[in-house]
Amino acid sequence: MLEGYSRRQVSPVEVAKAVIARIEAYEPQLQALYAFDPEGALTAAKESEARWTRGEALPLDGVPGTIKENIATKGTPIPLGTAARDLTPAAEDAPPAARLREDGVVILAKTTMPDYGMLSSGLSSFHPLARNPWDLTKNPGGSSAGAGAAAAAGYGPFHIGTDIGGSIRLPAGWCGVFGLKPSFGRIPIDPAYYGRVAGPMTRTVRDAALMMRSLTRPDARDAMSLPYQDLPWLDLDIDVRGLRIGVMMEAGIGMPLDPEVRACIEEAVRIFAEAGAEIAEVPPFVTREMLDGLDDFWRQRAWMDIGALSEEQRSRVLPYILSWAEGGKSLTGARVYNGMNQMLVMRNAAVAATRDFDFVLSPVAPVPAYHAELASPIHDPEEPFEHIGYTVAFNMSDQPSASVNAGFTASGLPIGLQITGRRFDDVGVMRLSQAWEGMCPSQRPWPKL
């Protein structure tokens, strides 16, 4: 697209109109977007076209994209997926939105999310139910639900989500797109929080690399961000031969691994081995105490927000989330402290388990996409996180971790392969992800609704 703009083969206005038409055709079924602004997008596209004509194009000038609802954009309310919040327009762009806008991205819309971002689902008390483009009866995952669906449906090349336990990788895996959870602090974000990151969700690794050049620029509002590094994001070549690759086929906790998911990931491992990688097993390291402790801490954190609402406001919260959060209101200080401490325990366990490897392969999720109307695969607020055993530890350990499509179930649902690297080796994870793009035998046309 950028090459086409530079050669005057296509214009940002033509592209914006084409993507808007696609959204208008697909969106009544997918419900992936919030605050869709076609007029604003066309205005931005015309400004981009003028810059290209003057020879003053910005690095990503005229490329359409979306931004997850919880990443502030100036003038747009941030409901956080829940009908309980006041719709106060944001005063300024959050860092990821600011960086993309500064570099000329044409922002089409925000993308939907579940209440408070605490579901791997498109179920929300504020937004319409988001659905999976590969099968409209299925869930796109979450909490970056709309972003995953929008990327798979072709709502422009660039999408950005957030991830605190799997919220980029799960929808990327279930929607068959690429999603990067970068190293903690690599992309400045506001507000920052333990384990929470923003990251790109795209159809290709290279498109995500283009985004990373912009998204990683420093922003003083994030006091937890890493020192800025000018990394070679577009240098994506890697030799698989001799790489030490660990395989974590069992999460150690939660739902059993679906046979089709297992077979698909085992085939990916076989292909890496044939390419010359040295393969070894990574034993499971996430324990029941870790996951339940994190559940306690997150419930109590959620109740601090929800419990402060009026009774009328609380009645608008998604019942599943309200029931889950209420489990935190009577926890003792000692139990909450123990739960918070499990983040550090999980961090140390993840780093120790993976330190002998260049990369670790695993499933993203234990099961394929599930019914759209469910809040989670088990759909029980007393067992809310039984599907995040493969993803959550790498939020706590700061390690970069990506989801790439590994293949499909017999019914045509995407299966995600998780590629995790050493702390701060984001470029390495993207290189191995692109290598897999070239090796993956199970490519299919994108969904047409």
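Let me begin by describing the structure that accompanies this report. (Residues numbered from 1 in each chain as written. Predicted model: local features only at pLDDT ≥ 70, side-chain atom pairs only at ≥ 80, totals over all residues. Heavy atoms only, no water.)

**Looking at the overall build of the protein chain**
The condition that has to hold: We count a stretch as a helix when DSSP gives it H or I for four or more residues in a row; a strand needs E for two or more, and each element gets its number in order from the N terminus. The globule rule used here is 2.2 Å times the number of residues to the 0.38 power, and the radius of gyration it is set against is calculated over C-alpha atoms. Exposure categories follow from relative accessible area, calculated using a 1.4 Å probe and restricted to protein chains: below 20% of the type maximum is buried, above 50% is exposed, and the middle band is partly exposed. Here, residues are in contact when the closest pair of their heavy atoms is within 4.5 Å. To measure how exposed things are, a 1.4 Å probe is used in the Shrake-Rupley method; for residues, cover is taken only from the protein chains shown. As used throughout, the charge tally considers Lys and Arg to be positive and Asp and Glu to be negative, leaving His and the chain termini uncounted. Throughout, a charge is located at the NZ atom of Lys, the CZ atom of Arg, the CG atom of Asp or the CD atom of Glu.
Summing up its helical and strand segments, the protein chain has 14 helices and 11 strands in all. Over its C-alpha trace the protein chain gives a radius of gyration of 21 Å, about what one expects of a compact globule, namely 22 Å for 449 residues. Taking the principal axes of the C-alpha coordinates as reference, the protein chain spans close to 60 × 60 × 45 Å. Each of the 449 residues in the protein chain was classed as buried or not, and the buried ones make up 61%. Of the contacts made within the protein chain by residues no fewer than 6 positions apart, 78% connect residues no fewer than 24 positions apart. Accessible surface for the protein chain amounts to roughly 16,700 Å². Of this, 52% is attributable to carbon and sulfur atoms. Where the 42 positive side-chain charges of the protein chain centre and where its 54 negative ones centre are 3 Å apart.

**A closer look at the pattern of salt bridges**
For clarity, the cut-off: Salt-bridge detection follows one rule: a side-chain nitrogen of Lys or Arg within 4 Å of a carboxyl oxygen of Asp or Glu.
Evaluated as defined, the whole model comprises 27 salt bridges. The partner of Asp-358 in a salt bridge is Arg-244, and the shortest N-O contact between them spans 3.5 Å. With Asp-358 in the loop between helix H12 (333–354) and strand S9 (359–363) and Arg-244 in strand S7 (residues 244–247), the pair connects residues that are 114 residues apart, well separated along the chain. Here Glu-386 makes a salt bridge to Arg-288, at a shortest N to O gap of 2.9 Å. With Glu-386 in the loop between S9 and helix H13 (392–396) and Arg-288 in helix H9 (residues 288–306), the pair connects residues that are 98 residues apart, well separated along the chain. Glu-386 gets classed as buried once you look at its relative accessible area, which sits at 9%.

**Focus: helix H7 (residues 205–215)**
Among the 11 residues that make up H7, 8 are buried, leaving the element largely enclosed by the rest of the structure. The secondary structure elements touched by the buried residues of H7 are helix H1 (2–6), helix H4 (95–102), strand S4 (158–163), strand S5 (178–181), strand S6 (197–202) and helix H14 (426–439).

**A closer look at empty space enclosed by the protein**
Note the following rule: A cavity, in this analysis, means grid points on a 1 Å lattice covering only the protein atoms where a 1.4 Å probe fits yet has no way out; a pocket is instead an open set bounded by protein on both sides within 12 Å along at least five of seven lines, and a residue lines either one if it has an atom within 4 Å of a point. Grid points are joined across faces, edges and corners, and a volume is the space filled by probe spheres set on the points. In this classification, Asp, Glu, Lys and Arg are treated as charged, Ala, Val, Leu, Ile, Met, Phe, Trp, Tyr, Cys and Pro as nonpolar, and every other residue, Gly included, as polar.
In total, this model carries 5 cavities of 30 Å³ or more according to the counting rule given. Here the largest cavity is characterised by a volume of approximately 140 Å³. If you trace the largest cavity, you find 19 residues lining it, with Met-118, Leu-119, Ser-120, Ser-167 and Phe-385 closest to the centre. Considering only residue class, the lining of the largest cavity consists of 10 nonpolar, 9 polar and no charged.

**Re the environment of Ala-145**
Looking at the element boundaries, Ala-145 is found in helix H5 (residues 145–153). The exposure class assigned to Ala-145 is buried, which follows from its relative accessible area of 0%. As a C-alpha pair, Ala-145 and Pro-128 span 17 residues in sequence and 11 Å in three-dimensional space. Not counting chain neighbours up to four residues away, the residues in contact with Ala-145 comprise Thr-112, Ser-121, Gly-122, Ala-130 and Pro-140.

**Re the pairing of S4**
Selection rule: Here, any two strands with at least 2 DSSP bridges between them count as paired.
For S4, a buried count of 6 out of 6 residues is recorded, marking the element as mostly surrounded by other parts of the structure. Every second residue of S4 is oriented toward a common face, with Phe-158, Ile-160 and Thr-162 on one face and His-159, Gly-161 and Asp-163 on the other, all of them buried. As paired elements, strand S2 (residues 64–68) and S4 share 3 bridges and run parallel to each other. For Ile-67, the partnering residue across the bridge sits in S4 and is Ile-160. Here S4 pairs with S6 via 5 bridges, running antiparallel. Bridge assignment links Asp-163 to a residue of S6, and that residue is Val-197.

**Quick look at the packing of helix H8 (residues 259–274) against H14**
Rules: Convention adopted: a line fitted to C-alpha atoms gives each axis, helices being fitted over their contacting stretch, and angles between N-to-C directions are expressed from 0 to 180 degrees. Any angle from 65 to 115 degrees is called roughly perpendicular, while one under 35 is roughly parallel, one over 145 is roughly antiparallel, and all others are oblique.
For the pair H8 and H14, interaxial distance at closest approach is 11 Å and the crossing angle is 100°. Comparing the axis directions of H8 and H14 gives the class roughly perpendicular. Judged by residue contacts, Ala-268, Ile-271 and Phe-272 of H8 engage Leu-432, Trp-436 and Met-439 from H14. Split into classes, the residues belonging to the contact of H8 with H14 amount to 6 nonpolar, no polar and no charged.

**Description of unusual backbone geometry**
Apart from glycine, the bulk of residues carry a negative phi angle, and the bulk of peptide bonds sit in the trans form. Residue Gly-142 is joined to Ser-143 through a cis peptide bond whose omega torsion reads 10°. Residue placement: Ser-143 occurs in the loop between strand S3 (106–111) and H5. The omega torsion across Asp-190 and Pro-191 is 5°, close enough to zero to call that bond cis. Here Pro-191 is to be found in the loop between S5 and S6. Positive phi, close to 60°, is recorded for His-379, a residue that is not glycine. Relative accessible area serves as the criterion here: at 34%, His-379 is assigned to the partly exposed category.

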